[in-house]
Amino acid sequence: MADLDSFDVVVIGGGPAGYPAALRAAQNGLKVACIDEWKNRDGSGTFGGTCLNAGCIPSKALLESTELLHRAQHEFAAHGLNTQVTVDLAAMQRRRASIVKTMTGGILALFKAAGVVPLRGHGRLLQPGRVEYTADDGSVRTLVSKDVVLASGSVPTALRSAPFDGVAIIDSWSALELDAIPKRLGVIGAGVIGLELGSVWRRLGSEVVVLEALPDFLAIADSQLAKEALRQFRKLGLDIRLGARVSAAEVKDGAVAVTYSDASAADQTLTVDKLIVAIGRRPFTEGLLAPGSGVELDPRGFIIVDEQCRTGAARVWAVGDCVRGPMLAHKGKEEGVMVADLIAGRYGEVNYAAVPSVIYTAPEIAWVGATEQQVKASGRAYKVGVFPFAASGRARAMEATAGFVKLIAAADDDAILGVHIIGPLAGELVAEAVLAMEYSASAEDLQRTIHAHPTLSEGLHEAALAADKRAIDSINR
Ligand code: FAD
Ligand code: AMP
């Protein structure tokens, strides 16, 4: 076997779960290859997976651009700034594409520096220790590897009643690359992706209708937070229709006629120019496993793993969106790093109880730990502290007073059980709560931690104080 074909670790998939696994394994002194088959619309291949090419990064680029537009249109006047802003969508999209290009190129640079061998093409686990590698040029080799990490990610879930046609009925990737602003936009699914994409195009001027099958808005979030979020999104102009079940979508003369039913009436029609189907993502494992590989899937298609991401096959691991747990880039990253450390005989773990969730809308939404409804259901006695950003000097200076910080702590031992934030830079603010929970801090620990004034972070400090009715800058309820 040529040396080129023999490795300590082969990682299949170069997204945010796979590439950190490869890098950490190389840092641990192992000989590593990372195989990735991602193809961009122009046929080029890049590492970075969904996150860098079609998810986290391009969506945040457009959210940032369009939030600036929104602020210029709706907030600048309050600052005494009078301006007329026009949109150059092509330039906005070039910026998005250039950010993606820089970030995906960065992974290759990191691989080079760490000595990871990048392999473009398809990887298939033949059996533990053997991976078939089909290069982009069609050539096929068998790689021998002591350990194999599967990081094949996920793809958008299709809706039978509204199948993707790539033109009028599109997935989230296409929705990030539109070259014209749709006049009427439909979004199926008011989840994280649907809300972020709906916000982008709403701010650019589209009339956006979001159809959500569940009767509750953002059911995964704390219900007090979800209620505030719904109010804010409706204020932005998102027409969010709950309990709306889509039964058909017909493309005719460039428009899409969507049929749906909700509590008010059956078979209602909504006509839009583009329809984004954002009903979730499913694990992607097509062509990944040869028969007899020893790796098993659960009924929903996720690769079955234990707490430490071991599959049922010896020295085969799986991380990221293709395994159980939240489909989040940072969750996959920590799993990749954990596995690479475990392979090298080092300590590794992922604290699944402290994985933050962020929705990058305006106001931004972020949380970690349990929601109030979950704590209530657990039967544990608890206390809640809420600090409204309306009482924050910094938020006032920023014209961003919508929202609040909510902290839930145990009534008995004061442990922080959950922190839920809706408001400016919530995704950054939640990091302090994650750290607090990681260090098993109590609400009192946060109360006694000095926070600079005036900052948004004081909101967490005050919410911790409010849990004991000792808030200084807001009314204790
Ligand atoms: P992926 O990123 O899907 O990467 C898997 C890679 O493996 C792909 O490149 C794929 O081509 C390759 N591959 C698969 N099978 C094979 C094979 N057999 N051989 C070779 N290569 C293979 N998450 C966040 O945390 N924050 C966000 O803000 C966020 N925003 C998002 C916005 C959008 C619009 C979308 C769609 C997703 C977003 N996500 C976000 C989710 C995030 O993108 C995923 O959780 C993350 O990409 C999962 O990482 P992964 O490495 O497991 O899989
Ligand atoms: P997420 O998993 O965060 O991307 O969210 C997907 C959202 O789509 C969830 O809120 C689901 O309830 C919603 N959803 C799933 N299927 C349908 C459907 N057929 N029609 C409308 N909404 C749906």
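Residues numbered from 1 in each chain as written. Chains lettered and ligands numbered in written order. Predicted model: local features only at pLDDT ≥ 70, side-chain atom pairs only at ≥ 80, totals over all residues. Heavy atoms only, no water.

Peer 1: Would you explain the site of ligand 1 in this entry?
Peer 2: The environment of ligand 1 is formed by 37 residues, the closest being Asp36, Thr50, Lys60, Asp321 and Ala329. The side chain of Asp36 places a nitrogen or oxygen atom 2.8 Å from an oxygen atom of ligand 1. Within the contact set of ligand 1, an oxygen atom lies 2.7 Å away from a side-chain nitrogen or oxygen of Lys60. In terms of residue count, helix 2 (residues 49-54) provides more of the shell around ligand 1 than any other element does, 4 residues in total. (Near = heavy atom within 4 Å. Polar contact = N/O pair within 3.5 Å; in protein donor to acceptor, adjacent residues only side chain to side chain. Helix = DSSP H or I, 4+ residues; strand = E, 2+ residues; numbered from the N terminus.)

Peer 1: Help me understand the packing of aromatic side chains, please; the structure alone is not making it clear to me.
Peer 2: Two descriptors summarise a pair of aromatic rings, namely the distance from one centre to the other and the angle between the planes of the rings. Here the structure, examined in full by the defined rule, presents 3 aromatic pairs. With centroids separated by 4.9 Å and ring planes inclined at 45 degrees, the aromatic side chains of Trp38 and Trp173 adopt a geometry described as tilted. With a gap of 135 residues between them, Trp38 in the loop between strand 2 (32-36) and helix 2 and Trp173 in helix 5 (residues 172-176) connect regions that are remote in the sequence. Since its relative accessible area comes to 17%, Trp38 is described here as buried. Note on Phe47 and Phe111: the rings are 5.3 Å apart at their centroids and 75 degrees apart in plane angle, and the pair reads as edge-to-face. Of this pair, Phe47 sits in the loop between strand 2 and helix 2 while Phe111 sits in helix 4 (residues 89-114), placing them 64 residues apart in sequence. As far as the burial class goes, Phe47 and Phe111 line up, both buried. One cation-aromatic arrangement involves Arg120 over Phe47; the distance from NZ or CZ to the ring centre is 4.9 Å. (Phe/Tyr/Trp six-rings, centres within 6.5 Å; stacked < 30°, edge-to-face > 60°. Buried < 20%, exposed > 50% of the residue type's maximum accessible area, 1.4 Å probe, protein only. Lys NZ or Arg CZ within 6 Å of the ring centre and 35° of its normal.)

Peer 1: Mind showing me how you'd approach the environment of Leu68 here?
Peer 2: Within the secondary structure, Leu68 sits in helix 3 (residues 56-74). Given a relative accessible area of 52%, Leu68 falls into the exposed group. A sequence separation of 394 residues divides Leu68 from Glu462, and the C-alpha atoms of the two residues are 29 Å apart.

Peer 1: How should I be thinking about the pattern of salt bridges in this particular structure?
Peer 2: Charged atoms that come close allow side chains of opposite charge to pair. Tallying each qualifying case throughout the model produces 26 salt bridges. Across the pair Arg184 and Asp273 runs a salt bridge whose closest N-O atoms are separated by 2.7 Å. One end of the pair, Arg184, is in strand 8 (residues 184-188); the other, Asp273, is in the loop between strand 13 (268-272) and strand 14 (274-277), with 89 residues separating them in the sequence. With a closest N to O distance of 2.9 Å, Asp222 and Lys406 form a salt bridge. Highlighted residues: Asp222 in the loop between strand 9 (207-211) and helix 7 (223-236) and Lys406 in strand 20 (residues 404-410), separated in sequence by 184 residues. Considered together, Asp222 and Lys406 belong to a single accessibility category, that of buried residues. A single salt-bridge network, built from bridges that share partners, covers Asp36, Lys39, Arg120 and Asp136. (Salt bridge = Lys/Arg side-chain N within 4 Å of Asp/Glu carboxyl O.)

Peer 1: Any chance you could explain helix 11 (residues 426-438) here in plain terms?
Peer 2: An α-helix turns once every 3.6 residues. As a result, residues three or four positions apart point the same way. Given a rise of 1.5 Å per residue, 13 residues ought to cover 18 Å, and the 18 Å separating the end C-alpha atoms of helix 11 matches this to within 8%. Where helix 11 is concerned, the buried positions are Ala426, Gly427, Leu429, Val430, Ala433, Val434, Ala436 and Met437. Looking straight down helix 11, one finds its buried side chains confined to an arc of 160 degrees; they lie on one side. Elements that come into contact with the buried residues of helix 11 comprise strand 17 (357-359), strand 18 (364-369), strand 21 (416-423), helix 12 (443-447) and helix 13 (458-466). Once helix 11 finishes, Ser440 follows within two positions and takes phi at roughly 55 degrees, a positive value. (Expected span 1.5 Å × (residues − 1). Arc of directions from axis to C-beta. Contact = heavy atoms within 4.5 Å.)

Peer 1: When you look at the site of ligand 2 in this model, what are you seeing that I'm missing?
Peer 2: Near ligand 2 there are 13 residues, and of these Leu159, Gly189, Gly191, Glu212 and Ala213 occur at the shortest range. Within the backbone of Ala213, a nitrogen or oxygen atom sits 3.1 Å from a nitrogen atom of ligand 2. Considering ligand 2 on its own, with 500 Å² of exposed area, one finds that the protein chains cover 73% of that surface. Looking at the shell around ligand 2 residue by residue, the classes come out as 9 nonpolar, 3 polar and 1 charged. (Areas by Shrake-Rupley, 256 points an atom, 1.4 Å probe, with all protein chains shown as cover. Nonpolar A, V, L, I, M, F, W, Y, C, P; charged D, E, K, R; others polar.)

Peer 1: Where do I start with the sheet that holds strand 21 in this structure?
Peer 2: One key point about sheets: their strands pair by backbone hydrogen bonds, in either a parallel or an antiparallel sense. Strand order in the open sheet formed by 5 strands is 17-18-21-20-19, and the pairing between neighbours is antiparallel. In the strand order of this sheet, the two ends are held by strand 17 and strand 19 (382-388), each with one partner. Here the average twist between neighbouring strands, direction ignored, is 10 degrees. The sheet contact formed by strand 17 and strand 18 spans 3 bridges and is antiparallel. Across the sheet, Val358 pairs through a bridge with Ala366, a residue of strand 18. Strands strand 17, strand 18 and strand 21 of the sheet are contacted by helix 11, whose axis makes an angle of about 10 degrees with strand 18. (Pairing = 2+ DSSP bridges. Axes fitted to C-alpha atoms, helices over the stretch in contact; angles between N-to-C directions.)

Peer 1: Help me out: how do you make sense of the packing of helix 1 (residues 18-27) against helix 4 in this one?
Peer 2: Taken N-terminus to C-terminus, the directions of helix 1 and helix 4 make an angle of 20 degrees; their axes are 9 Å apart at the nearest point. Comparing their axes, helix 4 and helix 1 come out roughly parallel. Seen from above, helix 1 lies across helix 4 with left-handed handedness. The residues of helix 4 that touch helix 1, namely those facing Tyr19, Ala22, Leu23 and Ala26, are Ile107, Leu110, Phe111 and Ala114. Here the residues of the contact of helix 1 with helix 4 sort into 8 nonpolar, no polar and no charged. (Parallel < 35°, antiparallel > 145°, perpendicular 65-115°, else oblique. Left-handed = near helix turned anticlockwise from the far one by under 90°.)

Peer 1: Mind showing me how you'd approach the nonpolar core here?
Peer 2: Counting 37 residues, the largest nonpolar core has Leu195, Phe217, Leu218, Phe233, Ile240, Ile276 and Ile365 as the members making the most contacts within it. Contributions of two or more residues to this core are made by helix 3, helix 4, helix 5, strand 8, helix 6 (192-203), strand 9, helix 7 and strand 18. No other element matches helix 7, which puts 6 residues into this core. Among residues more than four places away in sequence, those in contact with Phe233 are Leu195, Phe217, Leu238, Ile240, Thr361, Ala362, Pro363 and Ile365. (Core = buried A, V, L, I, M, F, W, Y, C linked by side-chain atoms within 4.5 Å.)

Peer 1: I keep staring at unusual backbone geometry and nothing clicks. Help me out?
Peer 2: As a rule of thumb, non-glycine residues mostly have phi less than zero, and peptide bonds are mostly trans rather than cis. The omega torsion of the bond from Ala362 to Pro363 falls at -5 degrees, within 30 degrees of zero and hence cis. As for its placement among the helices and strands, Pro363 is situated in the loop between strand 17 and strand 18. Looking along the chain, the bond that leaves His453 and enters Pro454 is cis, with omega of -5 degrees. By secondary structure assignment, the location of Pro454 is in the loop between helix 12 and helix 13. Within the chain, Leu218 stands out as a residue other than glycine whose phi angle is a positive 45 degrees. Within the secondary structure, Leu218 is located in the loop between strand 9 and helix 7. One non-glycine residue, Lys469, lies in positive phi territory at about 55 degrees. Relative to the helices and strands, Lys469 resides in the segment after helix 13. The exposed category is assigned to Lys469, whose relative accessible area is 52%.

As far as function goes, none of this settles anything; it's purely spatial.
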